[in-house]
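Working through the structure, step by step
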Amino acid sequence: MTDDTKNAYSSLSNDLFRVASLSQRGSHQAAQKFLIEAKRWALPLKNHVTPNYISNIVRDVSSRTDSDISLASAEQYLMYGILLQNYTLHAK
């Protein structure tokens, strides 16, 4: 994995953590801004060859509406952030 790709996955993971945290605190407008940024990171990653679970995360994030901010979504974004972080740390 190149450094640019690793940076993109890390940035996506960080933005998803922010969306989850802000959603759970009730800051929906701020969470929405970070969801837009997460989608911006996810779009170029859609074409990378990765394990299926990573591809599914990237596709799911990129297909979300900008207003998809709820507690259920926040839990999913948190899980996605953790999975992406682990993938980035352990990918070769």
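Before reading further, recall that the structure is shown in the block above.
As a starting point, this report considers the structure included with it.

A closer look at the packing of aromatic side chains
- Considering all chains together, one arrives at one aromatic pair under this definition.
- Here Tyr9 and Tyr87 contribute two aromatic rings whose centre-to-centre distance is 5.5 Å and whose plane-to-plane angle is 75 degrees, an arrangement assigned as edge-to-face. One end of the pair, Tyr9, is in helix 1 (residues 3-24); the other, Tyr87, is in helix 4 (residues 71-90), and 78 residues separate them in sequence. Taken as a pair, Tyr9 and Tyr87 share a single burial class, namely buried.
- Across from the ring centre of Trp41, 4.9 Å away, lies the NZ or CZ of Arg40, which sits over that ring.

Description of the nonpolar core
- Ranked by internal contacts, the top residues of the largest apolar core, which has 23 residues, are Tyr9, Leu12, Leu16, Val58, Val61, Tyr77 and Leu84.
- Among the elements of the structure, helix 1, helix 2 (28-45), helix 3 (52-63) and helix 4 are those that each provide at least two residues to this core.
- Non-local contacts of Leu84, meaning those with residues more than four positions away in its chain, are made with Tyr9, Leu12, Ser13, Leu16, Ile54 and Ile57.

Focus: the pattern of salt bridges
- Counted according to the given criterion, the structure contains five salt bridges.
- Arg18 is paired through a salt bridge with Asp15; the nearest N and O atoms lie 3.1 Å apart. In this pair, Arg18 and Asp15 both sit in helix 1, three residues apart, roughly one turn of the helix.
- Between Arg40 and Glu37 there is a salt bridge whose closest N-O contact spans 2.9 Å. Remark: Glu37 and Arg40 occur in helix 2; sequence separation between them is three residues, near one turn of the helix.
- Its relative accessible area of 31% is what places Glu37 among the partly exposed residues.
- Look at the salt bridges and you will find they share partners, linking Asp60, Arg64 and Asp68 into a network.

Let's talk about helix 2
- Counted at 1.5 Å a residue, the expected span for helix 2 with its 18 residues is 26 Å, and the 25 Å between its end C-alpha atoms agrees.
- Here helix 2 has its buried residues at Ala31, Leu35, Ala38, Lys39, Ala42 and Leu45. Projected onto a plane normal to the axis of helix 2, the buried residues spread over an arc of 110 degrees and lie on a single side. Among the exposed residues of helix 2, those oriented more than 90 degrees off its buried face are Gln29, Lys33 and Pro44.
- Contact partners of the buried residues in helix 2: helix 1, helix 3 and helix 4.

Reading the values: rules and limits
- Residues numbered from 1 in each chain as written.
- Predicted model: local features only at pLDDT ≥ 70, side-chain atom pairs only at ≥ 80, totals over all residues.
- Heavy atoms only, no water.
- Phe/Tyr/Trp six-rings, centres within 6.5 Å; stacked < 30°, edge-to-face > 60°.
- Helix = DSSP H or I, 4+ residues; strand = E, 2+ residues; numbered from the N terminus.
- Buried < 20%, exposed > 50% of the residue type's maximum accessible area, 1.4 Å probe, protein only.
- Lys NZ or Arg CZ within 6 Å of the ring centre and 35° of its normal.
- Core = buried A, V, L, I, M, F, W, Y, C linked by side-chain atoms within 4.5 Å.
- Contact = heavy atoms within 4.5 Å.
- Salt bridge = Lys/Arg side-chain N within 4 Å of Asp/Glu carboxyl O.
- Expected span 1.5 Å × (residues − 1).
- Arc of directions from axis to C-beta.

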